[in-house]
Amino acid sequence: MTSLIDALNGFQPETALVLGSGLGGVVDSIDVKSRHSFADLEGFPTSSVSGHSAEVITGALNGHKVIVFSGRVHYYEQGDAAAMRGPLEALKSVGVIRLILTNSAGSTNPDMGPGSIMQIKDHINFSGTNPLFGEPTDKRFVGLTTAYSKPLRKAFRKQAKQLGIKLHRGVYMWFSGPSFETPAEIKIARNMGADAVGMSTVPEVILARFLDMDVAAFSVVTNYAAGMTGGELSHTETKEMAPQGGEKLSRLISTTLKEGF
Ligand code: HPA
């Protein structure tokens, strides 16, 4: 077991990237400097979700120094919304100032089909839990009015336009999982203003804002949400569909990093 700061041996990335289910393709574009299993790092939990290898990779993406979490730990694994607190605190300790989060999601918006990518502009957390439960200091009262950094959103949108990539913008609603939502829940989500639903990201956004990092977050749409089409949902479908939007999102992220913020 080593601390992240020791494992990185002086490497100081300012940008961290969290890759969701099936988005591991981004790793192929990284000029890798080092790789570390979550299991070998102090304060890091281990993940059991197929499609998530839970590894830390450092290196350069298009010339920009990055630290990448290939996989994350989800609330639904142990019922711990703060599961990613240790890793995010470790990122802070090595000097990371901005966090780019990605996930796979179901779309509640008929105009945003599978293969689409969406920039998250806001979220809905009606899960009843919060990763800051138990935090004793007044820092727990984190403002989320501008949780998704406007300058970062602008930078990504500019590059999407130049690349000719359609980048949807919308609201992500966090569900605990691991079961998928019901059609009735999706109807409510849509009526409340959600464009996409998923089982991750929101706890990390809250923790990252608690730690004063700038946040950008993206969903890759792998399916229409429950009840919007005839069929049943599955994690196999998520894994199969994620690389389609994932490829566009990888290009967008790597170009934006190159151009800088
Ligand atoms: N719901 C929740 N999480 C998801 C979905 C979904 O429809 N698709 C991919 N992740």
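Every value quoted in this text rests on a predicted model; they were computed, and no experiment measured them.

## Brief notes about the side chain of D195
Then, number 1: Within the fold, D195 resides in the loop between α5 (183–192) and β8 (196–198).
Then, number 2: The side chain of D195 sits in the buried core without any salt bridge; K121 is the nearest counter-charge, 5.8 Å away.
Then, number 3: A polar contact is formed between the side chain of D195 and the backbone nitrogen of V171, at a distance of 2.8 Å.
Then, number 4: In this structure, D195 is in contact with G106, S107, T108, N109, M112, M118, R169, G170 and V171, ignoring residues within four places of it in sequence.

## Some details on unusual backbone geometry
Then, number 1: The peptide bond linking G177 to P178 adopts the cis configuration, its omega dihedral lying at -5 degrees.
Then, number 2: Relative to the elements of secondary structure, P178 occurs in the loop between β7 (167–174) and α5.
Then, number 3: Although it is not a glycine, T201 adopts a positive phi angle of roughly 70 degrees.
Then, number 4: Counting through the fold element by element, T201 comes out in the loop between β8 and α6 (202–210).
Then, number 5: A relative accessible area of 0% places T201 in the buried class.
Then, number 6: The phi dihedral of D212 is positive, around 65 degrees, even though this residue is not glycine.
Then, number 7: Along the chain, D212 falls in the loop between α6 and β9 (214–224).
Then, number 8: Here D212 falls in the exposed class, since its relative accessible area comes to 56%.

## Describing the site of the ligand
Then, number 1: Every residue lining the ligand is accounted for by S104, A105, G106, F180, E181, V197, G198, M199, T222, N223, L233 and T238.
Then, number 2: The separation between a nitrogen atom of the ligand and a polar main-chain atom of S104 is 3.3 Å.
Then, number 3: A total of 260 Å² of accessible area belongs to the ligand in isolation, and the protein chains cover 96% of it.
Then, number 4: When contributions to the shell around the ligand are tallied by element, the ones reaching two or more residues are β5 (98–107), β8 and β9.
Then, number 5: Among the elements that take part in the shell around the ligand, β5 stands out by supplying three residues, more than any other.
Then, number 6: Residues belonging to the shell around the ligand are distributed by class as follows: five nonpolar, six polar and one charged.

## As for the packing of aromatic side chains
Then, number 1: Per the stated rule, a full pass over the model turns up six aromatic pairs.
Then, number 2: The interplanar angle of 80 degrees and the centroid separation of 5.5 Å between the aromatic rings of F38 and F69 together place this pair among those described as edge-to-face. Pair noted here: F38 is in the loop between β2 (30–37) and β3 (55–61) and F69 is in strand β4 (residues 64–70), with a separation of 31 residues, a long-range link. Here the two residues F38 and F69 agree in accessibility, since each one is buried.
Then, number 3: Over the face of the ring belonging to F210 we find K139, whose NZ or CZ atom lies 4.7 Å from the ring centre.

## Some remarks on helix α3 (residues 85–93)
Then, number 1: All of the buried residues in α3 are P87, L88, A90 and L91. When α3 is viewed along its axis, its buried side chains cluster within an angular range of 155 degrees and face the same direction.
Then, number 2: Where α3 is buried, its residues touch α1 (4–8), β1 (15–19), β4, β5 and α6.
Then, number 3: Within two residues after α3, G95 carries a phi angle of roughly 100 degrees, on the positive side.

## Observations regarding the nonpolar core
Then, number 1: Counting 45 residues, the largest nonpolar core has L4, L91 and L99 as the members making the most contacts within it.
Then, number 2: Among the elements that line this core, the one with the most residues is α6, at six residues.
Then, number 3: Of all hydrophobic cores here, the second largest spans 24 residues; its members include L23, I30, I57 and V68.

## Remarks on the pairing of β7
Then, number 1: Most of β7 is tucked away: seven of the eight residues are buried.
Then, number 2: Judged from the eight bridges that link them, strand β6 (residues 117–125) and β7 form a sheet pairing that is parallel. Bridge assignment links I124 to a residue of β7, and that residue is M173.
Then, number 3: Here β7 runs beside β8; their pairing, made up of three bridges, is parallel. Directly across from M173, in β8, lies its bridge partner V197.
Then, number 4: Of the crossover connections in this fold, the one passing from β7 over α5 to the parallel β8 is right-handed.

Scoring rules and cut-offs
Residues numbered from 1 in each chain as written. Predicted model: local features only at pLDDT ≥ 70, side-chain atom pairs only at ≥ 80, totals over all residues. Heavy atoms only, no water. Helix = DSSP H or I, 4+ residues; strand = E, 2+ residues; numbered from the N terminus. Buried < 20%, exposed > 50% of the residue type's maximum accessible area, 1.4 Å probe, protein only. Lys, Arg positive; Asp, Glu negative; His and termini not counted. Salt bridge = Lys/Arg side-chain N within 4 Å of Asp/Glu carboxyl O. Polar contact = N/O pair within 3.5 Å; in protein donor to acceptor, adjacent residues only side chain to side chain. Contact = heavy atoms within 4.5 Å. Near = heavy atom within 4 Å. Areas by Shrake-Rupley, 256 points an atom, 1.4 Å probe, with all protein chains shown as cover. Nonpolar A, V, L, I, M, F, W, Y, C, P; charged D, E, K, R; others polar. Phe/Tyr/Trp six-rings, centres within 6.5 Å; stacked < 30°, edge-to-face > 60°. Lys NZ or Arg CZ within 6 Å of the ring centre and 35° of its normal. Arc of directions from axis to C-beta. Core = buried A, V, L, I, M, F, W, Y, C linked by side-chain atoms within 4.5 Å. Pairing = 2+ DSSP bridges. Right-handed = clockwise from strand over helix to strand, strands pointing away.

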